[in-house]
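# Summary of structural features
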Amino acid sequence: MALIAILPGDGIGPEVTTEARRVLERLGLDLSFEEAPVGGAAYHAAGHPLPPATLDLARRADAILFGAVGDPTCDSLDRHLRPEQAILGLRKALTLFANLRPAKMFAGMEDASALRPEVARAIDLVIVRELNGDVYFGEKGMRTTADGLRQGYDVMSYDEAEVRRIAVAGFEAARRRRGKLCSIDKANVLETSQLWRDVVIETAADYADVTLTHMYVDNAAMQLVRDPGQFDVIVTGNLFGDILSDQASMCVGSIGLLPSAALDVAGKGLYEPIHGSAPDIAGQGKANPCAAILSAAMMLRHSLGEPAAADRIEAAVAAALASGKRTADLGGTCSTREMGDAVLVAL
Ligand code: IPM
Ligand code: MG
């Protein structure tokens, strides 16, 4: 029996993971579930955003279903106690370095996109974002300059092994799809990006069947709204991938629709909607559970060897949306539970 760790977290995290769990339970697979607090919820309950018991559960589990972290009441805590440290800590502790963030247009949802329908219709891409390095994990701090000014700093760096393993993840993803990989960097300005580009080009020698291109991140931001259909797989660093994946979600229609997987080399994974905790709507039954439900589908595919069940969930979400069921983020009136129900009916 596979053990799934459910880490609901803060804000809308509990509401959306509850719906994802209902969908998983409905499949009749041999799964068991164990829940633990994470983020602000864990800080308030146990004094730390990632308590040892939660980390232990994450290590023991075959896969992790994660809600969201972020709690405004924690904003003035020391950084190491803030909710966001829980997800960053899990990614690092479990070496979940490869973040897959697919963005695909759902049929009939073009009107929800921030883009014109004919542009939006073509979106079918995956962002492969590096998760264990970059400016996120470099030396950081506050200091005082010689002129007595306060100065914040965060060091950006990647070593070649870190770049190579995420490049491999990108090439492998492209090979399974349409065979196109676009590496996104800022090599015209950053040394970190120059190394990134060099190593991606070296790695390409093993992937003659994949067409590799490079793009600067500023241009990529523009191309993503001008002509998102040009992208198949994007591989990029932690910071650029964070920003571009939020942008891609609006191209599809709502951040409430985009799932993600964070994988280690062996395929163990943490699965989470890319949206945050949305404290402004937490506890009101307004959140869109689709991203969490689609994250559960990715879990079945990437960590649990159940691709047919994953297909079933994805088809059920598409069918529920096509039948007109929509939460408020998509201009509809469904509650979180009603949207979950609609997916269960379609299943
Ligand atoms: C994401 C989030 C996180 C990140 C935050 C919550 C630390 O924005 O998963 O995209 O920046 O990686
Ligand atoms: Mg983000």
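What this report covers is the structure whose coordinates are included nearby.

What counts and how
Residues numbered from 1 in each chain as written. Chains lettered and ligands numbered in written order. Predicted model: local features only at pLDDT ≥ 70, side-chain atom pairs only at ≥ 80, totals over all residues. Heavy atoms only, no water. Helix = DSSP H or I, 4+ residues; strand = E, 2+ residues; numbered from the N terminus. Expected span 1.5 Å × (residues − 1). Buried < 20%, exposed > 50% of the residue type's maximum accessible area, 1.4 Å probe, protein only. Arc of directions from axis to C-beta. Axes fitted to C-alpha atoms, helices over the stretch in contact; angles between N-to-C directions. Parallel < 35°, antiparallel > 145°, perpendicular 65-115°, else oblique. Contact = heavy atoms within 4.5 Å. Nonpolar A, V, L, I, M, F, W, Y, C, P; charged D, E, K, R; others polar. Pairing = 2+ DSSP bridges. Right-handed = clockwise from strand over helix to strand, strands pointing away. Near = heavy atom within 4 Å. Polar contact = N/O pair within 3.5 Å; in protein donor to acceptor, adjacent residues only side chain to side chain. Areas by Shrake-Rupley, 256 points an atom, 1.4 Å probe, with all protein chains shown as cover. 1 Å grid on protein atoms, 1.4 Å probe; cavity = no way out; pocket = protein on both sides within 12 Å on 5 of 7 lines; lining within 4 Å. Sits in = over half its atoms within 2 Å of the grid points. Salt bridge = Lys/Arg side-chain N within 4 Å of Asp/Glu carboxyl O. Core = buried A, V, L, I, M, F, W, Y, C linked by side-chain atoms within 4.5 Å. Points joined across faces, edges and corners; volume = space filled by probe spheres on them.

Given a rise of 1.5 Å per residue, 16 residues ought to cover 22 Å, and the 22 Å separating the end C-alpha atoms of helix H11 (residues 307–322) matches this to within 8%. Every buried residue belonging to H11 is among Ala309, Ala310, Ile313, Ala316, Val317, Ala320 and Leu321, and all of these are buried. One side of H11 carries all its buried residues, which in axial view fall inside an arc of 130°. In H11, the exposed positions angled more than 90 degrees off the buried face are occupied by Ala308 and Ala322.

Another point: the packing of helix H8 (residues 217–226) against helix H9 (residues 238–252). Where H8 meets H9, the closest approach of the two axes is 10 Å, and the angle between their N-to-C directions is 10°. Relative to H9, H8 is oriented roughly parallel. Between H8, through Val217, Ala220, Ala221, Leu224 and Val225, and H9, the contact on the second element is made entirely by Phe240, Leu244, Gln247, Ala248 and Cys251. Considered class by class, the residues forming the contact of H8 with H9 number nine nonpolar, one polar and no charged.

Most of strand S8 (residues 180–185) sits inside the fold, with five of its six residues counted as buried. Relative to strand S9 (residues 211–216), S8 is paired through six bridges, and the arrangement is parallel. If you follow Asp185 over to S9, its bridge partner there is Tyr216. Handedness of the crossover is the feature at issue here: the chain leaves S8, passes through helix H7 (residues 191–203), returns alongside S9, and the resulting connection is right-handed. Pairing of S8 with strand S10 (residues 233–236) involves four bridges; the strand directions are parallel. Counted as the bridge partner of Cys182 is Ile234 from S10.

Below, the discussion takes up the site of ligand 1. Around ligand 1 sit Glu84, Arg91, Arg101, Arg129, Tyr136 and Asp242, and those are all the residues in its vicinity. For ligand 1, an oxygen atom lies 2.8 Å from a polar atom in the side chain of Arg101. Surface burial for ligand 1 is 78%, taken as the share of its 320 Å² of free accessible area covered by protein chains. Structurally, ligand 1 is housed in the largest pocket. Partitioning the shell around ligand 1 into residue classes produces one nonpolar, no polar and five charged.

Counted by the stated rule, this structure contains 24 salt bridges. Among the ionic pairs, Arg22 bridges to Glu19, the shortest N-O distance being 2.5 Å. Taken together, the positions of Arg22 and Glu19, both in helix H1 (residues 13–26) and three residues apart, correspond to about one turn of that helix. Of the residues examined, Glu19 reaches a relative accessible area of 3% and is grouped as buried. For Glu25, the salt bridge goes to Arg21, with nearest N and O atoms at 2.9 Å. Here the residue Glu25 and the residue Arg21 both occupy positions in helix H1, the gap between them amounting to four residues, near one helical turn. Assessed through its relative accessible area of 43%, Glu25 is described here as partly exposed. Residue class for Arg21 comes out partly exposed when judged on its relative accessible area of 24%. Within this structure, Glu19, Arg22, Arg337 and Asp341 form a network of salt bridges that share partners.

Our focus in this paragraph is the nonpolar core. Grouped together as the largest cluster of nonpolar side chains are 88 residues, with contacts concentrated most on Leu24, Ile123, Val128, Leu257, Val317 and Leu321. The greatest single-element share of this core, amounting to nine residues, is contributed by helix H10 (residues 290–302). Residues within four places of Leu321 in sequence aside, it is in contact with Phe106, Met109, Leu257, Cys290, Arg326, Leu330 and Met339. Val38, Ala86, Ile87 and Leu88 belong to the second-largest nonpolar core, a separate cluster that totals 22 residues.

Mapped onto the elements of the fold, Ser295 is located in helix H10. Here Ser295 falls in the buried class, since its relative accessible area comes to 0%. If near-sequence neighbours (up to four positions away) are discounted, Ser295 is found in contact with Leu65, Pro259, Ser260, Tyr271, Glu272 and Pro273.

What the rule picks out here adds up to one cavity of 30 Å³ or more. Volume-wise, the largest cavity comes out at about 80 Å³. Asp134, Met156, Tyr158, Ile184, Asp185, Thr192, Ser193, Trp196, Gly237 and Phe240 are the residues that line the largest cavity. Of the residues in the lining of the largest cavity, the class split is five nonpolar, three polar and two charged.

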